[in-house]
Amino acid sequence: MKRLSDLEAGQKAVINSFEKDEIFIKLMEMGCIPGELVQVEQVAPLGDPISISVAGYHLSLRLSEARSIFVEDAK
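Residues numbered from 1 in each chain as written. Predicted model: local features only at pLDDT ≥ 70, side-chain atom pairs only at ≥ 80, totals over all residues. Heavy atoms only, no water.

1. Description of the nonpolar core
Side chains of nonpolar character tend, in soluble globular proteins, to be buried together. Judged by nonpolar contacts, the single largest core of 20 residues is most densely connected at Leu 4, Ile 52 and Leu 61. Among the secondary structure elements, those contributing two or more residues to this core are strand 2 (12-18), helix 1 (21-29), strand 3 (37-43), strand 4 (50-54), strand 5 (57-61), helix 2 (63-67) and strand 6 (69-73). Leaving out residues up to four positions away in the same chain, Leu 61 has contacts with Leu 4, Leu 27, Met 30, Asp 48, Pro 49, Ile 50, Ile 52 and Ile 69. (Core = buried A, V, L, I, M, F, W, Y, C linked by side-chain atoms within 4.5 Å. Buried < 20%, exposed > 50% of the residue type's maximum accessible area, 1.4 Å probe, protein only. Helix = DSSP H or I, 4+ residues; strand = E, 2+ residues; numbered from the N terminus. Contact = heavy atoms within 4.5 Å.)

What follows is the structure, given as structure tokens:
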């Protein structure tokens, strides 16, 4: 299973689970829920932060937050 931080700009995946419980609620409130399709829109020049599209809107995540999200390839 991949982490969201491993994806490159333009790649799509489906959120599977979270690694850290303390960030789980914050991410859920922002629309990052298991089963939701997510696409990496942009990656900052130094790799942090990344911009994603999820639940119909754009969201910016720190790389450390993206590392805690496990994803599966979109079908």
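2. A look at the packing of aromatic side chains
Applying the stated criterion to the full structure yields one aromatic pair. For the ring pair Phe 18 and Phe 24, a centre distance of 5.0 Å and an interplane angle of 75 degrees mean the geometry is edge-to-face. Taking the relative accessible area as the measure of exposure, Phe 24 reaches 29% and is therefore partly exposed. (Phe/Tyr/Trp six-rings, centres within 6.5 Å; stacked < 30°, edge-to-face > 60°.)

3. Things to note about the pairing of strand 2
Across three bridges, strand 2 lies against strand 3 in antiparallel orientation. Bridge assignment links Lys 12 to a residue of strand 3, and that residue is Gln 39. Where strand 2 lies against strand 6, five bridges are found, and the strand directions are antiparallel. Considered in strand 6, the bridge of Ile 15 is made with Val 71. (Pairing = 2+ DSSP bridges.)

4. Considering the environment of Val 54
Position of Val 54 relative to the elements: it lies in strand 4. Val 54 gets classed as buried once you look at its relative accessible area, which sits at 1%. Along the sequence, Val 54 and Ser 17 sit 37 residues apart, while their C-alpha atoms lie 15 Å from each other. Every residue in contact with Val 54, bar those within four places of it in the chain, is listed here: Ile 15, Met 30, Gly 31, Cys 32, Glu 36, Leu 37, Val 38 and Leu 59.

5. Thoughts on the sheet that holds strand 3
One open sheet holds the six strands; their spatial order is 1-6-2-3-4-5, and the pairing between them is antiparallel. A strand with exactly one partner marks an edge of an open sheet, and here the two such strands are strand 1 (2-3) and strand 5.

6. Structural notes on the side chain of Ser 51
Turning to its location among the elements, Ser 51 is positioned in strand 4. Judged by relative accessible area, Ser 51 falls into the buried class, the value being 18%.

7. Describing unusual backbone geometry
With glycine set apart, most residues show a phi of negative sign, and most peptide bonds adopt trans. Omega for the bond connecting Asp 48 with Pro 49 falls within 30 degrees of zero, at 5 degrees, which places this linkage in the cis form. Residue position: Pro 49 is located in the loop between strand 3 and strand 4. Positioned with a positive phi, Ala 55 is a non-glycine residue whose angle comes to about 55 degrees. Among the secondary structure elements, Ala 55 is positioned in the loop between strand 4 and strand 5.

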